[in-house]
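These are the residues of each chain, in order.
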2 protein chains.
Amino acid sequence: MAPMADLIKRNKKLDIDPNPKKVEGTTSSTEPPSPAKDIAAERANTKWGLKEMHEFLEGGEAKSTEILRLYQSIERDPTLQTRPEHFDLTQKEERQLVAERINQMTKYIEIESYAKFRRRLQLMTVIDPSMGIRILVNLGLFVNCIKGNGTQKQYDFWAKKKEAGHLKQLYGCFGMTELGHGSNVAGCETTAIFDEATDEFIIDTPHIGATKWWIGGAAHSATHTVCYARLIVKDIDYGVKTFVVPLRDSQHNLLPGIAVGDIGAKMGRQGVDNGWIQFTEVRIPRFFMLQRWCKVSRQGNVTLPPLEQLSYISLLEGRVGMAADSYRIGARYTTIALRYAVGRRQFNRDGGEEETQLVNYPLHQRRLFPYLALTYAAAVGTDRLEVEHNQLLANLDKGLATNDKLLLKNTINATKSMFVDSGSLKSTLTWDASDLIAECRQACGGHGYSSYNSFGKTWSDWSVQTTWEGDNNVLAMSAGKTIIKTVQQVLNGRKLKDSSLEFLNDAPTLAKAKKAVIRIREHVDDPDRVLKAVSALIAKFAVDLIPVSHTSMDSIGPQRVILSKLRCHHYLLETFIQRLNDQVKAKSPIREPLEKLLRLYYVSNILSPFIGEFLRFGVVSPKTAIYINATYPQQLCTEVRPFVIGLTDSFEQPDNFIHSLIGKYNGDIYNNYLSAVKTINNPLKTKAPYSETFEAMLNRPSLEERQRFERSKEVEEILSK
Amino acid sequence: MAPMADLIKRNKKLDIDPNPKKVEGTTSSTEPPSPAKDIAAERANTKWGLKEMHEFLEGGEAKSTEILRLYQSIERDPTLQTRPEHFDLTQKEERQLVAERINQMTKYIEIESYAKFRRRLQLMTVIDPSMGIRILVNLGLFVNCIKGNGTQKQYDFWAKKKEAGHLKQLYGCFGMTELGHGSNVAGCETTAIFDEATDEFIIDTPHIGATKWWIGGAAHSATHTVCYARLIVKDIDYGVKTFVVPLRDSQHNLLPGIAVGDIGAKMGRQGVDNGWIQFTEVRIPRFFMLQRWCKVSRQGNVTLPPLEQLSYISLLEGRVGMAADSYRIGARYTTIALRYAVGRRQFNRDGGEEETQLVNYPLHQRRLFPYLALTYAAAVGTDRLEVEHNQLLANLDKGLATNDKLLLKNTINATKSMFVDSGSLKSTLTWDASDLIAECRQACGGHGYSSYNSFGKTWSDWSVQTTWEGDNNVLAMSAGKTIIKTVQQVLNGRKLKDSSLEFLNDAPTLAKAKKAVIRIREHVDDPDRVLKAVSALIAKFAVDLIPVSHTSMDSIGPQRVILSKLRCHHYLLETFIQRLNDQVKAKSPIREPLEKLLRLYYVSNILSPFIGEFLRFGVVSPKTAIYINATYPQQLCTEVRPFVIGLTDSFEQPDNFIHSLIGKYNGDIYNNYLSAVKTINNPLKTKAPYSETFEAMLNRPSLEERQRFERSKEVEEILSK
């Protein structure tokens, strides 16, 4: 639509144009649009090597190279590669494709390192989230749950001897959530009652609310589930424990006592066979209970060793992964939207011959560039999270293997901060990614609405990331709560050690400071000062909440969510600054664009959106706040503008991974788009299957005829007599 | 997920619970959840008649009654009614259903008043947006375009004689958007060249960028299109005009020179056969040009009368409709999410027997109640917009029929403010509705992700509302621009008349005022004062932007969007206050809840989100700002809490319209949900169609065997020699 007020005005002036445009020939003399040329021209100006930037993004040379090789491997594999026609698949067809891809993936798991396979899986998850989650349910949830909750022998049996770790023989699902219990796992109502007479547990679903629900893989694939159920021994309820329960026999037929169904159509991830399960007096041998932490003896004696809390560590992996997914999704969609913004022209701004590139409109910059900057921050931040998580798991394994009590104690400290960090990064970044996809979609206008440009499917597939494996609000409230409690501990004199939250050791000083951390414009340009401002805000905010937190944690739920978001950004900002200092040489050509992105990141993603809080707690002075909100973000956008093609190219995501007709590298937007649309939807089919209905409607007889003319004047005369 | 930090801590304390919970019998003694009881209990406390509130929402008794009857008519009609299994339809099946529904709708258009039919169509559009838009493309765009741009005779011929107005004989589509031209209609490149020799226009698509794109109905349904094309006569380009161009003959076969294709899969509205069209030297008689405003004579003389701007009025109808749609969508999704929030329990807050209802968590209230309040404001605001739009059209028809120059002049004034109002309401409210659906989805957790609860399909279908018939950002910038220009005119001494923007006549005074409008807490409780504060902010903001606007309107794009949002809220707030004063008696039982909602609306949707601007321009004092942001919204939520079931019941949307298993009136969430899931997805089908692939994978031979054992030690010995 044109701005109508403009048109009205313009036409009014014109009436008959005194200088009409002369055109020649029998058709218009206009030139076709040439988006590829525009993109190529900007690409030619990129002043850095993409590989150097990619290594910065991925955290190092080795990881960067592995990822580039994996992109290539996936692009070449005829089963794993993407095709535009995949956007037309029905649920049935998508599930068929996903099954074939899982099958193909098992070929790799047998021949490459587990670390490399996990990386392959992580990348595949971005382009086929249904396939990703179906494998992750088995490897990340079923097998990891056994690893976290079972003994070494139990793990060796199920994962290795029975080959569940290779998606062979067994395929496990994760029976945690119930129809009436999502976030509150401790409230699960499925029961596992010990029958001393037969040395068995009886797994049972007492009522509809305890029906296992949303269980990925349960409907058609899983042979086994880990079942979260209340351990009941001699009428005593020991709370929720985990049990391996077979669902299907070796012929893949359901076992008696197991009722299973497909939960049917979903908003996204249609390729996953999520199911519901009801157990009716299903008996499993005692040794199917996972008993690394909790043991039930033959006589029904229950032991709960002190380290059971470590069993929850297995839940971290999913969150760490989802934070990293957010970076890759951000990279994919900012690439599409910014290539389109450079290639697409709309309205004539300066009265010149050509229309203006979308990317040159300040509003368009303000919509997209902050997300680009956020994606860079998320790249380095989530890489650090992954590294710290791996370190934690290694320490835990080492501590348990050597029974090193000190190491275990330190690991528990690190685990606590990892719960905060993974929780706040997972929730903040999956929310942001969801908004990012939607905004990028809108920034591509109508073409963003075509399935072949991939926004719709990704948004719908993505959306569940804000809900599962820790509902974002619940996770964020939990992270916020820990921050408040931690600040209180520090105020009470207990300093933090072995924790990523050690910056909170300064909370007493920061909270007391009267002077604003950011008082003049120049302060906004100093990343270290901004980081300090975020620390100060977290400290002051937490201190302010301590009194209420004693009486009602629930009443400050909204504030705890804000704290969690601030914690996420502190983590990203700290990492961005540090890596820029440590890894990028002073004269490197990637330094300038990164410094500009860093500023744009914290101004548009931290200072500006949380300005109300920064002002309320006096961390930013009111005058600087106006600068931050009104003029500075646009100035930073203008500075970033020349680099956008280079910055998105640096993500190095190939066309197969971008999987969007208007987002392809060559930038030939319109030809790529129309030719694929024609290939997929054969224009020879000019009539739809429903055409008969439709044509009959258009050519229907008159209302009078269909009424058998029985309301006519003639009939009136007859029937009125 | 449970908040893990909590679990860790709790378990640490417990080790073995000193007071374990005793359970009896062989299965758990827990009771099934009973959401229906909770909802019924709150419903019993509703202290007002739903009809009275519904009349307030819909603007009066007659409209309310008509809507309730139409709900009933739709629910009873076997073709129009909704069913849960509709969420499983493939694109093909959805198009079939939509075709049948269109056919059924044509039966009503023949026998009921056009106003009633339009209301029926409006309601159907909420539950079947694909069907809605397919009819609207013909009636709202094709026929309206002929009405707006054609002569009375032309309209009579196409709409009446040829029965396009009854979806009979003809079915028109709207050939405006091109592959390379969306928002900039004036930049369209399709040409209509006058051939004086044959008295015809030659319609032509010069290159790929001018391909008509996204044309709803073009792929398989439309017999004709109105084509936006550049009028070229004797080598002079007169700009974009409109032409009726036949696409298919009476046998529904494509005409020569017309290339058409299906644009294929889309994010939503899969039931619409959007297509692309390329014209190659398609000849139409001169009299197929719509010539109410612009005429081409037999000799090729072109006349452009002064009132051509009125031709754009036909575009307003869609915007007015989409603003109203936003209200109904808001009503539908807040109803679902709040019923679920009352019925669903999660975590035990107070140590009692039962878990806490979601709706009692302050965070949950803060997430949903502001949207409920916004929906109420949108109801009254969009009803007013509809009334004013109808008035405008009536005046225009009257003015043209009687050639009343004064009336036409006044109508043009009103048209200008209607462009601002419809543009700012359409953009603001369709954005808000999009966020509302997504937030309500998340507030229903995993169950929000099931298709049968309707969030996913609606969000995807809805999403295009932010893009089409005026991209939201373009519309909002246009509205913002008019506001700035209008304020400038007023400053120059030209007062507004016959305009809904007359409040801007106070701009000079408001902009000069030094004292904040809202200075103390009590001021926040005064709706009239808050309305004045919004006026003051708009005035000050606009005055501040005037200098830059002279040099570069584009550079203030982001600020113009904010102005447009403020204009929308001014409109809604003004209407809400006025109708509450005029239509609700002092002692009416609906007054108390409405007064509370009104406050919650403006605090959480205006004062709080725009607090940065209110502070920057000194309209709200900093101390009051803290109150507005920190404590007051929660207090208002607590006040609204007891009314939420009554307030959502008052929307009076029946189950058929709500179309969501967890949102049904009876509140029996879990039984409604499971029983439908079982009916739609037969649990007897325990194996998927792809099961063979999957079972073969699980039971595959070992890697060594598949490698023909050719990498064994034995082979090594052989091949190493």
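Everything quoted here is computed from the prediction, not taken from an experiment. (Residues numbered from 1 in each chain as written. Chains lettered and ligands numbered in written order. Predicted model: local features only at pLDDT ≥ 70, side-chain atom pairs only at ≥ 80, totals over all residues. Heavy atoms only, no water.)

Asker: I keep staring at the relation of the copies chain A and chain B and nothing clicks. Help me out?
Answerer: Put simply, the second copy of the chain is the first one after a rotation about an axis and a shift along it. Each copy of the sequence occupies a distinct position, and chain A is placed on chain B by a rotation of 180° and an axial shift of 0.0 Å, giving an RMSD of 0.0 Å. The transformation relating the two chain copies, once decomposed into turn and shift, fits a two-fold axis. Ranked by how close their C-alpha atoms come to the rotation axis, the residues of chain A are headed by A:Thr90, at 3.1 Å. Looking at chain A, 99% of its interface residues are interface residues in chain B too, so the copies touch through the same face. (Least-squares fit on C-alpha atoms with pLDDT ≥ 70 in both. Contact = heavy atoms within 4.5 Å.)

Asker: I keep staring at the interface of chain A and chain B and nothing clicks. Help me out?
Answerer: Often, the extent of an interface is quoted as the loss of accessible area upon association of its parts. Between chain A and chain B, the contact holds 176 residues from the first and 177 residues from the second. Around 15300 Å² of area is buried between chain A and chain B when both sides are counted, 62% of it from carbon and sulfur atoms. Across the chain A-chain B interface, the total number found is 4 salt bridges. Inspection of the region where chain A meets chain B yields 49 residue pairs in polar contact (both at pLDDT 80 or more). No other element matches helix H5 (residues 91-109) of chain A, which puts 9 residues into the side of chain A that touches chain B. Residue composition of the side of chain A that touches chain B, grouped by class: 73 nonpolar, 59 polar and 44 charged. (Buried area = accessible area lost by both parts, 1.4 Å probe. Salt bridge = Lys/Arg side-chain N within 4 Å of Asp/Glu carboxyl O. Polar contact = N/O pair within 3.5 Å; in protein donor to acceptor, adjacent residues only side chain to side chain. Helix = DSSP H or I, 4+ residues; strand = E, 2+ residues; numbered from the N terminus. Nonpolar A, V, L, I, M, F, W, Y, C, P; charged D, E, K, R; others polar.)

Asker: Any chance you could explain helix H21 (residues 632-640) of chain B here in plain terms?
Answerer: Since the α-helix turns once every 3.6 residues, residues separated by three or four places project in the same direction. Taken together, the buried positions of H21(B) are occupied by B:Tyr632, B:Pro633, B:Gln634, B:Leu636, B:Cys637 and B:Val640. Contacts made by the buried residues of H21(B) are with helix H10 (362-402), helix H15 (521-524), helix H18 (591-607), helix H20 (622-630) and helix H22 (644-649) of chain B. (Buried < 20%, exposed > 50% of the residue type's maximum accessible area, 1.4 Å probe, protein only.)

Asker: It is not clear to me how the packing of H18(B) against H21(B) should be interpreted in this structure. Could you clarify?
Answerer: For any two helices packed against each other, the geometry comes down to the angle between their axes and how far apart the axes lie. Residues and elements named next belong to chain B. Remark: H18 packs on H21, axes separated minimally by 10 Å, with the N-to-C direction vectors making an angle of 150°. As the angle between them shows, H18 and H21 are arranged roughly antiparallel. The crossing of H18 and H21 is left-handed. Residues Lys596, Leu597, Arg599, Leu600 and Val603 of H18 form the contact with H21, whose participating residues are Tyr632, Pro633, Leu636, Cys637, Glu639 and Val640. The class makeup of the residues in the contact of H18 with H21 is 8 nonpolar, no polar and 3 charged. (Axes fitted to C-alpha atoms, helices over the stretch in contact; angles between N-to-C directions. Parallel < 35°, antiparallel > 145°, perpendicular 65-115°, else oblique. Left-handed = near helix turned anticlockwise from the far one by under 90°.)

Asker: Where do I start with the sheet that holds strand E8 (residues 258-262) of chain A in this structure?
Answerer: The pairing of strands in a sheet comes from backbone hydrogen bonds and takes either a parallel or an antiparallel form. Reading across the sheet, the 3 strands line up as E5-E9-E8 (chain A) and stay open at both edges, with antiparallel pairing between neighbours. Edge positions in the sheet fall to strand E5 (212-215) and E8 of chain A, since each has one partner strand and no second. Between one strand and the next, the sheet's axes are offset by a mean angle of 20°, whatever the strand orientation. Across 5 bridges, E8(A) lies against strand E9 (residues 275-279) of chain A in antiparallel orientation. Within the sheet, the bridge partner assigned to A:Gly261 lies in E9(A) and is A:Trp276. Docked against the sheet, helix H24 (residues 669-680) of chain B engages E5, E8 and E9 of chain A, running at close to 110° with respect to E9(A). (Pairing = 2+ DSSP bridges.)

Asker: Explain the side chain of B:Ser604 here, please?
Answerer: Residues and elements named next belong to chain B. As for its position among the elements, Ser604 is in helix H18. On the basis of relative accessibility, which here comes to 17%, the residue Ser604 falls in the buried class. One polar contact links the side chain of Ser604 to the main-chain carbonyl oxygen of Leu600, over a distance of 2.5 Å. A distance of 3.4 Å separates the side chain of Ser604 from the side chain of Asn605, its partner in a polar contact. Not counting residues up to four positions away in its chain, the partners in contact with Ser604 are Pro370 and Pro609.

Asker: Looking at this model, I keep getting lost on unusual backbone geometry. Mind explaining?
Answerer: For residues other than glycine, phi is negative in most cases, and the peptide bonds are mostly trans. Of note in the backbone geometry, A:Glu281 takes a positive phi value of approximately 50° without being a glycine. Position of A:Glu281 among the secondary structure elements: in the loop between E9 and strand E10 (282-285). We classify A:Glu281 as exposed; its relative accessible area is 56%. A positive phi angle, near 60°, is found at B:Gln169, a position not held by glycine.

Asker: Can you walk me through the UniProt feature "domain: Acyl-coenzyme A oxidase N-terminal" (unreviewed entry) in chain A in this structure?
Answerer: Within this numbering scheme, the UniProt entry marks residues 51-163 of chain A as carrying the feature "domain: Acyl-coenzyme A oxidase N-terminal" (unreviewed entry). Within the segment residues 51-163 of chain A, helix and strand shares are 78% and 0% respectively, and the terminal C-alpha atoms sit 38 Å apart. (UniProt positions renumbered as here; feature names shortened; annotations may be inferred.)

Asker: Whenever I open this one, the side chain of A:His569 confuses me. Can you help?
Answerer: Here A:His569 is to be found in helix H17 (residues 557-583). Apart from residues lying up to four places away in sequence, A:His569 is in contact with A:Leu374, A:Thr428, A:Asp432, A:Tyr601, A:Asn605, A:Ile606 and A:Phe610.

Asker: Looking at this model, I keep getting lost on the sheet that holds strand E8 (residues 258-262) of chain B. Mind explaining?
Answerer: Here 3 strands make up an open sheet; going across it, the order is E5-E9-E8 (chain B) and the pairing antiparallel. The outermost strands of the open sheet, each flanked by one partner alone, are strand E5 (212-215) and E8 of chain B. Direction aside, neighbouring strands of the sheet carry axes that sit 20° apart on average. With respect to the sheet, helix H24 (residues 669-680) of chain A is in contact with E5, E8 and strand E9 (275-279) of chain B, its orientation differing from that of E9(B) by roughly 110°.

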